[in-house]
Amino acid sequence: MAKKVDVITMGCSKNLVDSERVVRMLSDAGFKASHNADTLTGSIAIVNTCGFIGDAKEESIDMILKCCQAKSEGKLEKVYVMGCLSERYKDALPAEIPEVDAWYGKFDWDGIISSLRKDAFPSPSRPWERTLSTPPHTAYLKIAEGCNRFCSFCAIPLITGRFRSRPEEDILDEVKSLTAKGVKEFNIIAQDLSSYGLDIYGKQTLASLIDNMAGIPGVEWIRLHYFYPAQFPYDILDVMNRHENVCKYIDIALQHCSDKVLANMRRHITGEETRLLLDTIRRKVPGIHIRTTLMVGFPGEGEAEFEELKNFIREQRFERMGAFAYCEEEDTYGARNFTDDIPDEVKQSRLDELMAIQEEIALESNLGKVGQTLKVLVERESDGHYIGRTQWDSPEVDPEVLITKDITLSPGEFAEVTVTEALPFELIGHPTNKH
């Protein structure tokens, strides 16, 4: 009888893609693998860890310890750990948690399969093959690894190494394979979409990739995540306008607007250049929704810089925004060169202020959609509604649409929905058609 393996993913969607590949390889090797089960049901657990910031690292450690406890109680035979946390602390962790059977990093985790079964079948000839953990109509598509930016607050380049693009033909083959299985929505992810192509083609080629992807039959939505503001590839905006199936949505982490703070962060852009970038994006793609992430409490952010940030949010009126407080990460430029001297309670107060401002802006943005009829992708059914998303809503992080049950809908269908009510982070509407 095939052994059951639980693969547990901590952290971001880029980790999720790796876990999906692990599940596929385990299945090919004769194991019965499941992803992120609510309870551990197998005899082997694989924890795919996150090492980005303090809270994420704590959650990963807690999950590892939970699995080790299950092993000590005889509920698990083996515990394996992979991913960013074990890549970053590969020398220290084995001594700290000896109950783990083996540690793997960010890029050598295929060794888990041969460790579990010496006569395992060879890996698939197409290394991107995976077992999706998302609903069958949607998938994350990772087009690059690593990062060359070395922002002073970020440990990701220390974990993942230099930026490495996947070849365009490899990505397009994966898209064709996934559309053949019913995937309609592709959420494109990388640490830095702006740099795609530079390392293998000598120039930014994201626009070419998305242009070709948009022409593949069955691709209904393409959504772009994690642009870097410096050296932004402006030709992607022309592709958005050319193709209806390229969502009018950009996820671009700006972090701040103060020249002083941006310089301390080593972001390679000024506040004025940031404003010009945002103005160009909105002017070239009318109706686009911009998602950004901002940081409070970085060294050098005094009251004047924080006031500037608040005014920037009021001025730009981002449709989607998240924020977090600075957390010093060892070995980064910031940890080596700045003192983390802003008290935690001040950081939290600033974070709360930003999100309160953003809630008002988000409500205003949603109220502007009342009376409009929008194309909505149906995600799931609840007791009183169907729940879906518009082109401006990425899974997990963005608002949802509550759809009344006036007609029968199924997950994976698109419906035309007339918006009747708006909340800060939800729309409510009636379906008028489906397709």
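Located above this text is the structure these notes cover.
No experiment lies behind these values; they were computed from the predicted model shown.

**A short note on the overall build of the chain**
Looking only at helices and strands, one finds 15 helices and 18 strands in the chain. Taking 22 Å as the expected radius of gyration for a compact globule of 435 residues, we find that the chain reaches 22 Å, a close match to that expectation. Judged by the C-alpha coordinates and their principal axes, the chain covers about 60 × 60 × 45 Å. Relative to its 435 residues, the chain shows a buried fraction of 55%. Partitioning the intrachain contacts of the chain with sequence separation of at least 6 by distance along the chain shows that 72% fall at a separation of at least 24. Per element, the accessible surface of the chain, about 18,400 Å² overall, is 50% carbon and sulfur. Positive and negative charge centroids in the chain, built from 51 and 71 side chains respectively, lie 5 Å apart.

**Examining the side chain of Ser-19**
Counting through the fold element by element, Ser-19 comes out in helix 1 (residues 13-28). Filtering out sequence-adjacent residues up to four positions away, Ser-19 remains in contact with Val-7, Thr-9, His-35 and Asn-48.

**Quick look at helix 12 (residues 271-284)**
Across its 14 residues, helix 12 extends 20 Å between first and last C-alpha, which sits within 8% of the 20 Å expected from 1.5 Å per residue. Among the residues of helix 12, Gly-271, Thr-274, Leu-277, Leu-278, Thr-280 and Ile-281 are the ones counted as buried. For helix 12, the elements touching its buried residues are helix 10 (235-242), strand 11 (246-252), helix 11 (259-265), strand 12 (289-296) and helix 13 (303-316).

**Some details on unusual backbone geometry**
The backbone phi angle of Phe-150 is positive, close to 55 degrees, even though this residue is not glycine. Among the structural elements, Phe-150 can be located in the loop between strand 7 (144-145) and helix 6 (156-160). Non-glycine residue His-268 carries a positive phi angle of around 65 degrees. With respect to the helices and strands, His-268 occurs in the loop between helix 11 and helix 12.

**As for the pairing of strand 6 (residues 138-142)**
The buried count for strand 6 comes to five of five residues, which makes it a mostly enclosed element. Of the two faces of strand 6, both are covered, the one formed by Thr-138, Tyr-140 and Lys-142 as well as the one formed by Ala-139 and Leu-141. Here strand 6 pairs with strand 9 (residues 185-189) via five bridges, running parallel. Looking at strand 9, one finds that Leu-141 is bridged to Ile-188.

**Some words on the nonpolar core**
Counting residues in hydrophobic clusters, the biggest one holds 54 residues, and the most contacted among them are Ile-143, Ile-188, Ile-210 and Met-213. Aside from chain neighbours lying at most four places away, what touches Met-213 is Leu-141, Ile-171, Leu-172, Val-175, Ile-188, Val-219 and Ile-222. Ala-45, Ala-56, Ile-64 and Cys-67 belong to the second largest nonpolar core, which has 20 residues in total.

**Some details on helix 7 (residues 168-180)**
If you check helix 7, its first and last C-alpha atoms are 19 Å apart, about what 13 residues at 1.5 Å a residue would give, namely 18 Å. Turning to helix 7, its buried residues are Glu-168, Ile-171, Leu-172, Glu-174, Val-175, Ser-177, Leu-178 and Thr-179. Structurally, helix 7 contributes buried residues whose contacts are with strand 6, strand 9, helix 8 (198-201) and helix 9 (206-214). Following helix 7 by one or two positions, Gly-182 has its phi on the positive side, about 105 degrees.

**Describing empty space enclosed by the protein**
Applying the stated criterion across every chain, the model contains two cavities of 30 Å³ or more. Its volume calculated, the largest cavity comes out at about 70 Å³. Around the largest cavity, the lining residues are Phe-52, Ile-53, Phe-153, Cys-154, Ala-155, Met-295, Phe-324, Ala-325, Tyr-326, Cys-327 and Glu-329. The residue makeup of the lining of the largest cavity, split by class, is 10 nonpolar, no polar and one charged. Reported here for the second largest cavity is a volume of approximately 40 Å³.

**Quick notes on the packing of aromatic side chains**
To describe a pair of aromatic rings, one takes the distance between the centres and the angle between the planes. Counting across every chain of the model gives nine aromatic pairs. Relative to Phe-338, the ring of Phe-298 has its centre 5.9 Å away and its plane inclined at 70 degrees; by these criteria the two rings are edge-to-face. Here Phe-338 lies in the loop between helix 14 (333-337) and helix 15 (344-367) and Phe-298 lies in the loop between strand 12 and helix 13, a separation of 40 residues in the sequence. Here a set of aromatic residues connected by ring pairs shows up, and it is made of Phe-153, Phe-298, Tyr-326, Tyr-333 and Phe-338. Sitting over the face of the ring of Phe-107, Arg-164 holds its NZ or CZ atom 4.8 Å from the ring centroid. Of note, Arg-223 hangs over the ring of Tyr-249, and the distance from its end group to the ring centre comes to 5.7 Å.

**Here we look at the sheet that holds strand 13 (residues 320-325)**
Strand order in the open sheet made by the six strands is 6-9-10-11-12-13, with parallel pairing throughout. The sheet is open, and its two edges are formed by strand 6 and strand 13, each paired on a single side. Taken over all neighbouring pairs, the strand axes of this sheet differ in orientation by 15 degrees on average, direction set aside. Alignment of strand 11 against strand 12, held across three bridges, turns out to be parallel. From the neighbouring strand, Asp-251 faces strand 12, where its bridge partner is Arg-291. Its contacts with the sheet place helix 9 against strand 6, strand 9, strand 10 (221-227) and strand 11, and it is angled at close to 160 degrees to strand 10.

**Section: the sheet that holds strand 14 (residues 373-381)**
In spatial order, the strands read 14-15-16-18-17; together these five strands close into a barrel with mixed pairing. With direction set aside, neighbouring strand axes in the sheet form an average angle of 50 degrees. Here four bridges tie strand 16 (residues 400-403) to strand 18 (residues 426-434), and the two strands are oriented parallel to one another. Note that in strand 18 the partner of Ile-403 across the bridge is Gly-429. Against the sheet, helix 15 engages strand 17 (414-423) and strand 18, with an angle of about 130 degrees to strand 17.

**Quick look at the packing of helix 13 against helix 15**
Contact pair helix 13 / helix 15: the axes reach a minimum separation of 10 Å and the direction vectors enclose 15 degrees. Between helix 13 and helix 15, the interaxial angle falls into the category roughly parallel. The chirality of how helix 13 crosses helix 15 is right-handed. Contacts between helix 13 and helix 15 involve Glu-303, Phe-306, Leu-309, Lys-310, Ile-313 and Arg-314 on the former and, on the latter, Arg-350, Glu-353, Leu-354, Ile-357, Gln-358 and Ile-361.

Rules of the game
Residues numbered from 1 in each chain as written. Predicted model: local features only at pLDDT ≥ 70, side-chain atom pairs only at ≥ 80, totals over all residues. Heavy atoms only, no water. Helix = DSSP H or I, 4+ residues; strand = E, 2+ residues; numbered from the N terminus. Rg over C-alpha atoms; globule rule 2.2 N^0.38 Å. Buried < 20%, exposed > 50% of the residue type's maximum accessible area, 1.4 Å probe, protein only. Contact = heavy atoms within 4.5 Å. Areas by Shrake-Rupley, 256 points an atom, 1.4 Å probe, with all protein chains shown as cover. Lys, Arg positive; Asp, Glu negative; His and termini not counted. Charge placed at Lys NZ, Arg CZ, Asp CG, Glu CD. Expected span 1.5 Å × (residues − 1). Pairing = 2+ DSSP bridges. Core = buried A, V, L, I, M, F, W, Y, C linked by side-chain atoms within 4.5 Å. 1 Å grid on protein atoms, 1.4 Å probe; cavity = no way out; pocket = protein on both sides within 12 Å on 5 of 7 lines; lining within 4 Å. Points joined across faces, edges and corners; volume = space filled by probe spheres on them. Nonpolar A, V, L, I, M, F, W, Y, C, P; charged D, E, K, R; others polar. Phe/Tyr/Trp six-rings, centres within 6.5 Å; stacked < 30°, edge-to-face > 60°. Lys NZ or Arg CZ within 6 Å of the ring centre and 35° of its normal. Axes fitted to C-alpha atoms, helices over the stretch in contact; angles between N-to-C directions. Parallel < 35°, antiparallel > 145°, perpendicular 65-115°, else oblique. Left-handed = near helix turned anticlockwise from the far one by under 90°.

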